[in-house]
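Results of the structural survey
Now for the letters of each chain:
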Amino acid sequence: MDRYLVVLAGAGLGGVARYALGTWVMARTGVRFPLGTFLINVSGAFLIGLLMTLFTERMHPHPNWRLFLVVGVLGGYTTFSSFEYETLQAVRDGERWMGLLYMTGSVVFGYLAAWMGMLLAARR
């Protein structure tokens, strides 16, 4: 039961962080491109690459840390379902190129961010 509570606590923090950062970015930029979600997904990918490499190759923390940080916090923080909906909505609104740019950019930059996080964590 304690594992579920660890994930629950992390997901709550991650969700609040996602909401706070997403609204802050959108309030500051005011662009139609969903930049807040984009930045959240890329930074989440970086952090997942970093933490998973640290946890599996360099450190061996208690398993609850992985559940709390990766499954909980980053699971609540990253916004893949929001990404999918925003891409669909852009296409439905006739903004096919913005939807394509958003989808491609999120996947490419998310992959690169996860790779950079892995490289950073693997440095000796």
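First things first, this report covers the structure right here in the doc. If you're wondering where the values come from, they're calculated on a predicted model, not measured in any experiment. (Residues numbered from 1 in each chain as written. Predicted model: local features only at pLDDT ≥ 70, side-chain atom pairs only at ≥ 80, totals over all residues. Heavy atoms only, no water.)

With that settled, the discussion passes to the overall build of the protein. Counting its secondary structure elements, the protein contains five helices and zero strands. Taken from N to C terminus, the helices and strands of the protein fall in the order α-α-α-α-α. Taken along the three principal axes of its C-alpha coordinates, the protein extends 50 × 35 × 25 Å. In the protein, buried positions account for 33% of the 124 residues. Sequence separation of at least 24 residues holds for 73% of the intrachain contacts in the protein that already meet a minimum separation of 6. Working note: accessible area of the protein is about 8000 Å², and carbon and sulfur atoms make up 69% of it. The protein carries 10 positive and 6 negative side-chain charges, and their two centres are separated by 7 Å. (Helix = DSSP H or I, 4+ residues; strand = E, 2+ residues; numbered from the N terminus. Buried < 20%, exposed > 50% of the residue type's maximum accessible area, 1.4 Å probe, protein only. Contact = heavy atoms within 4.5 Å. Areas by Shrake-Rupley, 256 points an atom, 1.4 Å probe, with all protein chains shown as cover. Lys, Arg positive; Asp, Glu negative; His and termini not counted. Charge placed at Lys NZ, Arg CZ, Asp CG, Glu CD.)

Here we come to the packing of helix α2 (residues 35-58) against helix α3 (residues 63-77). The interhelical angle for the contact between α2 and α3, taken along N-to-C directions, is 170°, at an axis separation of 10 Å. Taken together, the axes of α2 and α3 lie roughly antiparallel to each other. For the pair formed by α2 and α3, the contact residues are Ile 40, Ser 43, Gly 44, Leu 47, Ile 48, Leu 51, Met 52 and Phe 55 on the first element and Trp 65, Arg 66, Leu 69, Val 70, Leu 74 and Tyr 77 on the second. (Axes fitted to C-alpha atoms, helices over the stretch in contact; angles between N-to-C directions. Parallel < 35°, antiparallel > 145°, perpendicular 65-115°, else oblique.)

What follows concerns the pattern of salt bridges. Per the counting criterion, the structure on display carries one salt bridge. Note that Glu 95 and Arg 32 form a salt bridge whose closest N and O atoms lie 3.4 Å from each other. Taken as a pair, Glu 95 in the loop between α4 (80-92) and α5 (96-122) and Arg 32 in the loop between α1 (2-29) and α2 lie far apart in primary sequence, 63 residues in all. (Salt bridge = Lys/Arg side-chain N within 4 Å of Asp/Glu carboxyl O.)

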